[in-house]
Amino acid sequence: MVMEAAPHILVVDDDREIRDLLARFLEKHGLRVTAVRDAREARRMLPNGHFQLIVLDLMMPGESGLDFARFVRTTSGTPIVMLTAMGEETDRIIGLELGADDYVPKPFNPRELLARIRAVLRRAGEASDRKRDLPARAFHFAGWVLEPARRRLLNPDGVEVPLTGGEFDLLLALAERPNRVLTRDMLLDLLRGRQAGPFDRAIDVAVSRLRRKMEDDGRNPQVIKTVRGGGYVLAASVERVAVADSAP
Amino acid sequence: MRLWPSSLAGRTALVLLVGLIVVQVAGLTIHALDRVDIQNLAAARLSAERVRALIRTAVFSPPASRESAVDDIDLPPGMTAELSDVPEARGGPPLPPPMRELLRIGAAGPPPPPRGQAAPSSPPPAHRRMQLRPREGRDYFISGLEGRRPGYLLSVRLPDGAWLNVHAALPPPRPWHSPTFLIAFILMTVAAAGLTLWAVRRLTRPVRLLADAAERLGRDVNAAPLPETGPSEVATAAAAFNTMASRIRRFVQDRTEMLAAIGHDLRTPITRLRLRAEFMDDDEQRAKMLADLAEMEKMIGATLAFARDEAATEPATPVDLAGLARTVVDEAADAAPEATEKLSYDGPSHLTVRARPVALKRALANLVGNALAYGGAARVRLVPPSNGQIRLMVEDDGPGIPAADMERVFQPFQRLEGSRNRETGGTGLGLPIARNILRAHGGDVTLANRPAGGLVATMTLPA
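Description of the structure in this document. Here the structure is a predicted model, which means the values were calculated and not measured.

**Quick look at the sheet that holds strand S5 (residues 102-106) of chain A**
Paired through their backbone hydrogen bonds, the strands of a sheet run either parallel or antiparallel. Residue and element names in this part refer to chain A. Strand order across the open sheet formed by five strands is S2-S1-S3-S4-S5, with parallel pairing between neighbours. One side of each edge strand has no neighbouring strand; the edge strands of this open sheet are strand S2 (32-36) and S5. Strand after strand, the sheet turns through a mean of 20° between neighbouring axes, direction not considered. Pairing between strand S1 (residues 8-12) and strand S3 (residues 53-57): four bridges, direction parallel. Looking at S3, one finds that Ile 9 is bridged to Leu 53.

Given below as structure tokens:
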């Protein structure tokens, strides 16, 4: 890998040990890292760093991670992966609704964080030719509402339909790319950040569970259609509610 | 003793009622004795009156018509009069002193004939003497009746030497003879009993309220305090109870905050250790270290969930309970693919309830996790609303739990002997968390051994 091509990551965490260890870990896996102590330093680094992604600890002394995320969103589209405190659901939801791209609960598994960083970078790269869409607050399709921040699906009656993590990520991947056929390989690739070890059949299993929960007849599905030659497509018009449109 | 009631109200009422009956009976007895005296006096008066009339008639009638004149006099029942040559009362049993008292003999003697009517014909000297002071043993004889019956036998010498014998049996006193007596007695008893029960209930109600409040406090430390009103003893007890409740609340809160703080502070070192593990060269040791850290994290996660009581802060929303149950089963299968066949869901395909989805999912996941870890299987069954309850049951094929430990396993950090050191691990918080969550929903979690073997954990939710 050529050094110049390595994505540049800004790590913001107040714990020196974690900061240094994380920088070493990410560098070991082919990323370029600048690590800073707090939001003030991060603001100083932003203009000249040309960062492709920010790893942001929400629990910091001084300016909070949430305020910094808000600031980043108003000035650029740089993707953000948040480190949230375990059990602090509200922080996570607010962060995602502010426009953070993903989150990893602390204490995090470094490999999972790496996978998420790569997934977010890939998503951003996918859209590099056009203007990057900010993470959506909600997707509306065929009466259903999918809320990424709260990780929940509401049926047309407004009743929450619980989904497993895999089912949710699959549906989100499909909703983010409506009317585009996604092959099993593409879906596996997109989900790799989340799932421990997704295997080929996992996609089919998740789709059939989703159809059952969404009352989508498996023999004649209307929402998630099977495409001959191995793929799935969300066959509905998806209305995308951007975070900025309805942020509280 | 079977008749001794178990409740304070019952006992107090019983004591009061027995006391009331004793007082009633005593009062009635006094009343009855009075009545006997009055009846006796009235009977004696009446008989004395008649005796006077008899004597007057006998004295003033000419001897030829005397007999019929005496017979014509209306006598009360039990009294007979006849003329004879001998005083029948002479030699009879002595008149008992109470009867003598009643007839006032001794003070004035038997009532003499009225003075003013003394003389159409010239009265004999004996008569005159008798008028002045009739003497017992000469002018008259009086004796008791045979067999000590109440009454007397009186023989009065008439002026011509004949004797008038009066046999008077006084009617026996009937102290209880009154038509209204029984009704009055029953009415009084019933009214008194009713009042007693009402008053006792009112008085013992604070005790029941206190018991209810203690019960509520046991379920929820933040239960509303008791009103400190009512009689001073009750108000004092309520105030003492409220003080105790607030101390317990304080204690629980301190402990909760301590747990939360420890959980929080452990996150940073665990994160560091995880990162350090990534730089270890020994793959096997690294994998083991990461597994240890994952276990620690799980325990901290459970402790935090328990300490924070997340169910209390999550908003309730309509949620598909059937979908939730399927999701929990599917996630368990995803996490342990080898156990997929031991996991199942049975029930309706949709059932909407109002609940806190994240918390409820955690509760069910805890039960399913336990069933899988200790019972080797987890069959989730959703029973649609009946009797105002929705039941969600998790059955396993394990050895079950001894009946004595059924409640103990719901206490935080309590694990049954044998599970503590087994590889199944566990935090000892799964069931307490599940129960807290369900109780916050107005339901509960209970355990029972299945007759066919294995354990069934039942979550109930209000429909």
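After that view, the rundown keeps rolling.
**Let's talk about the interface of chain B and chain A**
Contacts between the two partners involve 28 residues from chain B and, on the opposite side, 24 residues from chain A. Among the elements of the structure, helix H6 (232-277), helix H7 (283-308), strand S5 (317-320), helix H8 (321-335) and helix H9 (357-375) of chain B are those that each provide at least two residues to the side of chain B that touches chain A. No other element matches H6 of chain B, which puts eight residues into the side of chain B that touches chain A. Across the side of chain B that touches chain A, the residue classes break down as eight nonpolar, seven polar and 13 charged.

**A closer look at helix H6 (residues 165-176) of chain A**
Residue and element names in this part refer to chain A. Between the first and last C-alpha of H6 there are 16 Å, a value that for 12 residues agrees with the 16 Å anticipated at 1.5 Å per step. Counted residue by residue, H6 has 10 buried out of 12 residues, so it is predominantly covered. Every buried residue of H6 is accounted for by Gly 166, Glu 167, Phe 168, Asp 169, Leu 170, Leu 171, Leu 172, Leu 174, Ala 175 and Glu 176.

**Brief notes about unusual backbone geometry**
With an omega of 5°, the peptide bond between Lys 106 of chain A and Pro 107 of chain A qualifies as cis. Along the polypeptide, Pro 107 of chain A turns up in the loop between S5 and helix H5 (110-126). With a phi angle near 50°, His 50 of chain A is a residue other than glycine that sits in the positive phi range. Note on placement: His 50 of chain A falls in the loop between helix H2 (39-49) and S3. Among the residues examined, His 50 of chain A registers 9 C-beta atoms within 10 Å and is labelled exposed. At Asn 387 of chain B, a position not held by glycine, the phi torsion is positive, near 55°. Its location among the elements puts Asn 387 of chain B in the loop between strand S8 (378-386) and strand S9 (389-395). Given 7 C-beta atoms within a 10 Å radius, Asn 387 of chain B is considered exposed.

Here is what the cut-offs are and how they apply
Residues numbered from 1 in each chain as written. Chains lettered and ligands numbered in written order. Predicted model: local features only at pLDDT ≥ 70, side-chain atom pairs only at ≥ 80, totals over all residues. Pairing = 2+ DSSP bridges. Helix = DSSP H or I, 4+ residues; strand = E, 2+ residues; numbered from the N terminus. Axes fitted to C-alpha atoms, helices over the stretch in contact; angles between N-to-C directions. Contact = placed C-beta atoms within 7 Å. Nonpolar A, V, L, I, M, F, W, Y, C, P; charged D, E, K, R; others polar. Expected span 1.5 Å × (residues − 1). Buried ≥ 20, exposed ≤ 12 C-beta atoms within 10 Å, placed from the backbone.

On their own, these measurements won't tell you what the molecule is for.
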